[in-house]
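Geometric and topological summary
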Amino acid sequence: MRNTARLVFLMMAITTSLPSCSQSEKGDGSGGVDERNDVTGVDEVDYRLVGDFKPESGAAPSPTKDPMAEGPWNGRFMTAVSSDGLDFAKTGTIIGDQLNVPDLVYDADGYLFLYFSGYTLGDRVNATAVAISPDDGVTWAFKYINFIGFGTRDPVDPSVVYLEDDGVFRMYATFNEPSEELSTYYAESSDGVNFVNMGKVFSAPEGPAMVPSVLRIGDTWHLFNNTLEVETIHHATSADGRTFDYAGTVDLTIGARRYFVSNGIAVPGGYRLFIYSRADRNIGSMFSTDGTTWESEGLRLELDTSSELEADFVKDPGIVRLPDGTYLMVYATNVPAE
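First, a word on what this report is: a plain description of the structure on this page. The structure presented is a predicted model; accordingly, all values stated were derived computationally and were not measured.

Another aspect to go through is the overall build of the chain. Helix and strand counts for the chain stand at one helix and 25 strands. Within the chain, the fraction of its 338 residues that count as buried is 58%. Of the contacts formed within the chain by residues at least 6 apart in sequence, a portion of 52% connects residues at least 24 apart. Accessible surface computed for the chain: about 13800 Å², of which carbon and sulfur atoms make up 48%.

Inspection of the entire model under this criterion finds two cavities of 30 Å³ or more. Quantified by volume, the largest cavity comes out at close to 80 Å³. Forming the boundary of the largest cavity are Val-101, Pro-102, Asp-103, Asp-157, Pro-158, Ser-159, Val-211, Pro-212, Ser-262, Asn-263 and Asp-316. Taken together, the residues that form the lining of the largest cavity break down as five nonpolar, three polar and three charged.

Attention now goes to the pattern of salt bridges. All told, the structure shown has twelve salt bridges when counted by the stated rule. Where Asp-251 meets Arg-258, a salt bridge forms, and the shortest distance between an N and an O atom there is 3.0 Å. The partner of Arg-272 in a salt bridge is Glu-297, and the shortest N-O contact between them spans 2.7 Å. Of this pair, Arg-272 sits in strand β21 (residues 270-277) while Glu-297 sits in strand β23 (residues 295-302), placing them 25 residues apart in sequence. Judged by its relative accessible area of 26%, Glu-297 falls in the partly exposed class.

A few words now on the nonpolar core. Soluble globular proteins: nonpolar side chains tend toward being buried together. If you look at the biggest cluster of nonpolar residues, it comprises 31 residues, and the most contacted ones within it are Phe-88, Leu-252, Ile-283, Trp-294, Met-329 and Tyr-331. Going through the elements one at a time, β3 (75-82), β14 (210-217), β20 (260-267), β21, β22 (282-288), β24 (311-321) and β25 (327-334) are the ones with two or more residues in this core. Here the element with the most residues in this core is β21; it accounts for five residues. In this structure Leu-252 touches Ile-233, Arg-257, Arg-258, Tyr-259, Val-261, Leu-273, Ile-275 and Met-286, once residues within four positions along its chain are discounted. Leu-99, Leu-114, Phe-116 and Val-330 belong to the second largest nonpolar core, which has 21 residues in total.

To continue, consider a nonpolar patch on the surface. There is a patch of nonpolar side chains on the surface, built from Ile-148, Val-196 and Met-198 and spanning about 230 Å² of accessible area. Residue placement: Met-198 occurs in strand β13 (residues 194-202). The exposure class assigned to Met-198 is partly exposed, which follows from its relative accessible area of 40%.

Let us look at the environment of Gly-51. Take Gly-51: it is sitting in the loop between β2 (43-45) and β3. Given a relative accessible area of 1%, Gly-51 falls into the buried group. Along the sequence, Gly-51 and Ala-141 sit 90 residues apart, while their C-alpha atoms lie 4.5 Å from each other.

This brings us to the sheet that holds β25. Spatially, the four strands line up as an open sheet ordered β4-β3-β25-β24, and their pairing is antiparallel. For this open sheet the edge positions go to β4 (88-97) and β24, each flanked by a neighbour on one side alone. Ignoring which end each strand starts from, the neighbouring axes of this sheet average 30 degrees apart. Here β3 pairs with β25 via eight bridges, running antiparallel. In the sheet register, Ser-82 faces β25, and the bridge partner there is Tyr-327.

If you walk across this open sheet you meet the four strands as β20-β21-β22-β23, and the pairing is antiparallel. Of all strands in the sheet, those bounded by a partner on one side alone are β20 and β23. The average angle at which neighbouring strand axes cross in this sheet is 25 degrees, direction not considered.

Turning our attention to the packing of aromatic side chains. All chains considered together, the criterion is met by 20 aromatic pairs. When the centroid spacing of 5.9 Å and the interplanar angle of 90 degrees are considered together, the rings of Phe-77 and Phe-116 count as edge-to-face. Residue Phe-77 is located in strand β3, and its partner Phe-116 is located in strand β6 (residues 112-121); the two are separated by 39 residues in the primary sequence. Centroid distance Phe-116 to Phe-142: 6.1 Å. Interplanar angle 65 degrees. Geometry classified as edge-to-face. Here Phe-116, found in strand β6, pairs with Phe-142, found in strand β8 (residues 141-144); they are 26 residues apart in sequence, far enough to count as distant. Exposure class is identical for Phe-116 and Phe-142. Each is buried. Ring pairing ties together the aromatic residues Phe-113, Tyr-115, Phe-147, Phe-150, Tyr-162, Phe-169, Phe-175, Tyr-185 and Phe-195, which thus form one cluster. Here the basic side chain of Arg-124 rests over the ring of Tyr-144, its NZ or CZ set 3.7 Å away from the ring centre.

For the rest of this paragraph, the subject is the environment of Gly-298. On the secondary structure map, Gly-298 appears in strand β23. A relative accessible area of 17% places Gly-298 in the buried class. Sequence separation between Gly-298 and Phe-287 is eleven residues; the distance between their C-alpha atoms is 10.0 Å. Setting aside chain neighbours within four positions, we find Gly-298 in contact with Ile-254, Gly-284 and Ser-285.

What counts, and at which threshold
- Residues numbered from 1 in each chain as written.
- Predicted model: local features only at pLDDT ≥ 70, side-chain atom pairs only at ≥ 80, totals over all residues.
- Heavy atoms only, no water.
- Helix = DSSP H or I, 4+ residues; strand = E, 2+ residues; numbered from the N terminus.
- Buried < 20%, exposed > 50% of the residue type's maximum accessible area, 1.4 Å probe, protein only.
- Contact = heavy atoms within 4.5 Å.
- Areas by Shrake-Rupley, 256 points an atom, 1.4 Å probe, with all protein chains shown as cover.
- 1 Å grid on protein atoms, 1.4 Å probe; cavity = no way out; pocket = protein on both sides within 12 Å on 5 of 7 lines; lining within 4 Å.
- Points joined across faces, edges and corners; volume = space filled by probe spheres on them.
- Nonpolar A, V, L, I, M, F, W, Y, C, P; charged D, E, K, R; others polar.
- Salt bridge = Lys/Arg side-chain N within 4 Å of Asp/Glu carboxyl O.
- Core = buried A, V, L, I, M, F, W, Y, C linked by side-chain atoms within 4.5 Å.
- Patch = residues over 30% accessible without salt bridge, like charges linked within 9 Å, V, L, I, M, F, W, Y side chains within 5 Å.
- Pairing = 2+ DSSP bridges.
- Axes fitted to C-alpha atoms, helices over the stretch in contact; angles between N-to-C directions.
- Phe/Tyr/Trp six-rings, centres within 6.5 Å; stacked < 30°, edge-to-face > 60°.
- Lys NZ or Arg CZ within 6 Å of the ring centre and 35° of its normal.

Written out as C-alpha cells, the structure reads:
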C-alpha cells in the first residue's frame, strides 16, 4: 500500500541520511557560468553553478517488495511544458534517476532551483539536494545542500519559497527529533545552498505531518501536509510563515477520487494547487482565490503505459512559470523495469 511504502522511505531518509558538508570548490557535475571580476579582470565561476555530483541513470535495488513504492531508489524526474498551466505536453526529457519529490523556485538572479530528496547522490545516500539552472531548465548543476542545525540527518520532502524583498530562501520540509512524530520544520538560506534550521513550524493534531506544500497568498501563508492516508490532508495558516495554526483538513477531489497534495503556484486570477492520485496514476489541479476553498480543474497529466521512459505512476509535480509566461513541470515517475 502507498502509506506503508511512503513511511518506509520517510523513516529511511530520516534515519540513514549522511551528514551534509560545506560546498566543495570543484565538483564533477554539470554547470558553470563565467563571470568577470571587475577588480582583477579574471573570469570567475559562480560556485552555485559548479556541480558536486551527477544524477544516476537507472534504478537502485529496492528496499521494499512493493513495486509501486514511492521511494527515490527507482524514481525518475521528467519534464512537461504548457502555455497556460493547464494543458501540459511531455517533453521526453529525463533530468535524472533515483530522485523524488521535486520543487521549483526562481531567485532574484533568475536562477532556477530544483529541490528534491534523492537516493544515490554521488557519494551520499538518502539526502536532500538541489539542481540549479541559469537557463530556465535547459542545463542543471547538481549541488549538495549544507544543512546547519539538523544533526546528522537531512530534512526531506522540501517545499521552498523565495522571499525576494529579503533575498531569503525559506525551505519547509519533513523532519523529526528523536521520539517526535514527523512534523514540518523550516530552514533559511541566503544562497539556496546553505540552510540553517529555524525550528518546527507545524505538528498535526493526530499522526504525522509529511511532504509539506507552502503557498503564500496575500498576507497569509498556507501550509498543506499529506499524511499516511489520502483521506486526511492537513491545512494550516500563518501570518509570518514561522508558526502555523491548524485550520482543519482540506478535501482535494476530482470526481469521486481523493488526491494527495503536491505543489502550488500563483497564476493569473488566483492560485493553482497541483495534486496527484497513485490509484488513477495521474496529476490534477485545483484552483482557489483565497487558499481555503479549492475547486477542481480536472486532469493535467496521465501515465503513458506504453512509454519506455516512465512506469507505474506520474506524481508529485513541481511547477514554475518561466519568464516567457509558459510553464515548466518536473514530475516524478518510476524507472521502467528492464
